[in-house]
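Summary of the model geometry
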Amino acid sequence: MKDSDSIVELKKTGSADVGFLSFFESQRDVPFEIKRVYYIYDVPAGTKRGMHAHRKLRQFLWCPYGAIKLVLDNGIEKKEYILDSPEKGLYVGEGVWRDMYWLKDNSVLCVAASDYYDESDYIRDYGEFLRLVREAYWKDENKL
Ligand code: T46
């Protein structure tokens, strides 16, 4: 069963005098064990990345600096999220097509992932993605 994407408000400590610290914890704030962390940086504003889905990988995305728009598409509907604060994270489950748009120069996208890098988990063809969504939907509809 697919779980749905959602914004998570990150815990925050500190004060304006000395600055703030935000954090999240595996299995507590993020519903999976974190096996990999990566980040995307030095990206000019206006850049579009992503354009793929993952078969099984689940991820948690946050933007500690700048502003990035995420368009998530489950093959039936699209949702837009803006990551523009270090206090916000976005959980993205499996089987979701994602496009990321850099709204400001040098915005940093950080990602915690449920598994190690594996190119065979990527679906990079939108037609194939839609075919897999229809197949999964058909199987679900016909479950006894
Ligand atoms: C995702 C979004 C949010 C690696 O070798 N190891 C890694 O851990 C990752 C993440 C990527 N790569 C290689 C694969 C490509 O040759 O780095 C290259 C760039 O990856 P890609 O074009 O997939 O980058 P984005 O920004 O489109 O997507 C990335 C993640 O790949 C993807 O899982 O969900 O960020």
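The rules we used
Residues numbered from 1 in each chain as written. Predicted model: local features only at pLDDT ≥ 70, side-chain atom pairs only at ≥ 80, totals over all residues. Heavy atoms only, no water. Pairing = 2+ DSSP bridges. Helix = DSSP H or I, 4+ residues; strand = E, 2+ residues; numbered from the N terminus. Near = heavy atom within 4 Å. Polar contact = N/O pair within 3.5 Å; in protein donor to acceptor, adjacent residues only side chain to side chain. Nonpolar A, V, L, I, M, F, W, Y, C, P; charged D, E, K, R; others polar. Salt bridge = Lys/Arg side-chain N within 4 Å of Asp/Glu carboxyl O. Buried < 20%, exposed > 50% of the residue type's maximum accessible area, 1.4 Å probe, protein only. Contact = heavy atoms within 4.5 Å.

1. Looking at the pairing of strand β8 (residues 78–83)
- For strand β7 (residues 68–73) and β8, the ladder comprises six bridges, and the chain directions are antiparallel. Across the sheet, residue leucine 70 finds its bridge partner in β8, namely tyrosine 81.
- In textbook terms, the turn of a hairpin is the stretch between consecutive antiparallel strands, and for β7 and β8 this stretch comprises four residues, one of which, glycine 75, has a positive phi near 95°.

2. Topic: the site of the ligand
- Taken together, 13 residues form the shell around the ligand, and within it Arg36, Arg49, His54, Gln59 and Tyr122 come nearest.
- Side-chain polar atom of arginine 36 to an oxygen atom of the ligand: 2.6 Å apart, as the coordinates give it.
- Within the side chain of tyrosine 122, an N or O atom sits 2.6 Å from an oxygen atom of the ligand.
- Mapped by element, the contributors of at least two residues to the shell around the ligand are β4 (36–40), β5 (48–54) and β10 (97–102).
- Among the elements that make up the shell around the ligand, the one with the highest residue count is β5 (four residues).
- Residues of the shell around the ligand, tallied by class, amount to five nonpolar, four polar and four charged.

3. Brief notes about the pattern of salt bridges
- All chains considered together, the criterion is met by nine salt bridges.
- With its nearest N and O atoms 2.8 Å apart, the salt bridge here joins lysine 12 to glutamate 87. Remark: glutamate 87 occurs in the loop between β8 and β9 (88–92) and lysine 12 occurs in strand β2 (residues 11–15); sequence separation between them is 75 residues.
- You can call lysine 12 partly exposed: its relative accessible area is 38%.

4. Some details on the environment of valine 43
- Tracing the backbone shows valine 43 in the loop between β4 and β5.
- When the C-alpha atoms of valine 43 and lysine 104 are compared, they prove to be 8.7 Å apart, with 61 residues separating the residues in sequence.
- If near-sequence neighbours (up to four positions away) are discounted, valine 43 is found in contact with Trp102, Lys104, Asp105 and Asn106.

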